[in-house]
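Commentary on secondary and tertiary structure
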Amino acid sequence: MAVIVALGAFLMTLLGGWTAQRVTDRRHLVLGLAGGLMLGVVGLDLLPEALHAAGREVFGVPLALLLFVAGFLVAHVVERLLAVRQAAHGAENGVRVPQVGLTAAAAMVAHSLADGVALGAAFQVGGGMGVAVALAVITHDFADGFNTYTLTSLYGNDRRKALLMLFADAAAPVVGAASTLLFTLPEEPLGAYLGFFGGLLLYLAAAEILPEAHHKHPALSTLMCTVGGVAGIWLVVGIAE
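Our subject in this report is the structure included herewith. Here the residue index of a chain counts from 1 through its sequence in written order. Two thresholds apply to this predicted model, a pLDDT of at least 70 for residue-level local features and 80 or more for giving and counting side-chain atom pairs, whereas whole-chain, interface and lining totals are computed over all residues. Values shown for side chains rest on all heavy atoms present in the structure; no hydrogens or waters enter the calculation.

Residue types Ala, Val, Leu, Ile, Met, Phe, Trp, Tyr and Cys, when buried and joined through side-chain atoms within 4.5 Å, form a set referred to as a nonpolar core. Only protein chains enter the accessibility calculation, which uses a 1.4 Å probe. A residue is then buried if its area is under 20% of the maximum for its type, exposed if over 50%, and partly exposed in between. By size, the foremost hydrophobic cluster in this structure holds 45 residues, and its most contacted members are Met38, Leu46, Leu151, Leu201, Leu204 and Ile209. Contributing elements (two or more residues each) for this core: helix 1 (2–22), helix 2 (27–53), helix 3 (63–88), helix 4 (98–125), helix 5 (127–154), helix 6 (159–179) and helix 7 (187–215). Strands are runs of DSSP state E lasting at least 2 residues, helices are runs of H or I lasting at least 4, and numbering of each runs from the N terminus. Looking at which element gives the most residues to this core, the answer is helix 7, with 11 residues. Counting 7 residues, the second largest nonpolar core, distinct from the first, contains Ala2, Leu119, Val174 and Ala177.

Pasting the structure below:
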């Protein structure tokens, strides 16, 4: 059952990526929406789940929050190091580094893989839990596909690479769900990963996606797309609960 449901997530991810590439003439609106979706996923989905799963504290701070900050810093350090390397090879200031987009997309794929594992584990617990998690995974995989394609292409990668990462992201939940037929993932490591990934995703949303969205088009419509993205994730989380 978990694998069958994951196939729905596969299709929803592809739909999100298709939507992202079809609205290129409204790029600022796409980026504004992507930033809102990413912010909503981090604040309303990933962090609460990470705090619940990885609840122990390290020197007075929840492990999930420590890894959240670590993820943010790692994303910042990696981007700066790649930018310095690019500059040393003669690239102009402001040129985006394609490797950053691929790294971010790879993290999205890893997150979708974790979604599949969570889906399989939920069905092991019980049918009711499985249905609730399935609803959350399928609906927010639209945002995953949207963001994976947007992140890859935003950093200057060609359409072929963006589509490759999109298909990898779509297949990841199916692989993750199927893997739970072979083993059970402990809750705390999964929570720790979600915290780290949340920090990385927040950095990309706050430092890259949203500034780019408003750089040439500081319009109210762009802002409303961002708010709408957050509200959409809130609706998904509320329905899943």
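A contiguous nonpolar patch, built from Leu51, Val58, Phe59, Val61, Leu65 and Leu66 and spanning about 520 Å² of accessible area, is present on the exposed surface. By relative accessible area, Val61 is classed as partly exposed at 31%. Put simply, a patch holds well-exposed residues, over 30% relative accessible area, that have no salt bridge, with like charges counted together within 9 Å and Val, Leu, Ile, Met, Phe, Trp or Tyr side chains within 5 Å. Values of accessible area rely on a 1.4 Å probe in the Shrake-Rupley scheme; residue burial ignores everything except the protein chains shown. The salt bridge criterion pairs a side-chain nitrogen of Lys or Arg with a carboxyl oxygen of Asp or Glu, the two atoms within 4 Å.

Note on method: axes are straight lines fitted to C-alpha atoms, helices fitted across the in-contact stretch only, with angles between N-to-C directions ranging 0 to 180 degrees. Where helix 1 meets helix 6, the axes come as close as 7 Å, and the angle between the chain directions of the two elements is 160°. Here helix 1 is positioned roughly antiparallel relative to helix 6, judged by the angle of their axes. Relative to helix 6, the crossing made by helix 1 is right-handed. Contact with helix 1, carried on its side by Ala2, Val3, Ala6, Leu7, Ala9, Phe10, Thr13, Leu14, Gly17, Trp18 and Gln21, involves Arg159, Leu163, Leu166, Phe167, Asp169, Ala170, Ala171, Pro173, Val174, Ala177 and Ala178 of helix 6 and no other residues of that element. Three residue categories are used. Nonpolar comprises Ala, Val, Leu, Ile, Met, Phe, Trp, Tyr, Cys and Pro, charged comprises Asp, Glu, Lys and Arg, and polar comprises the others, including Gly. Of the residues contributing to the contact of helix 1 with helix 6, the split by class is 17 nonpolar, 3 polar and 2 charged. Note on terminology: angles under 35 degrees are roughly parallel, angles over 145 are roughly antiparallel, angles of 65 to 115 are roughly perpendicular, and the others are oblique. Helix crossings are classified by the rotation of the near helix relative to the far one: an anticlockwise turn of less than a right angle makes the crossing left-handed, while a clockwise turn makes it right-handed. We call two residues contacting when some pair of their heavy atoms lies within 4.5 Å.

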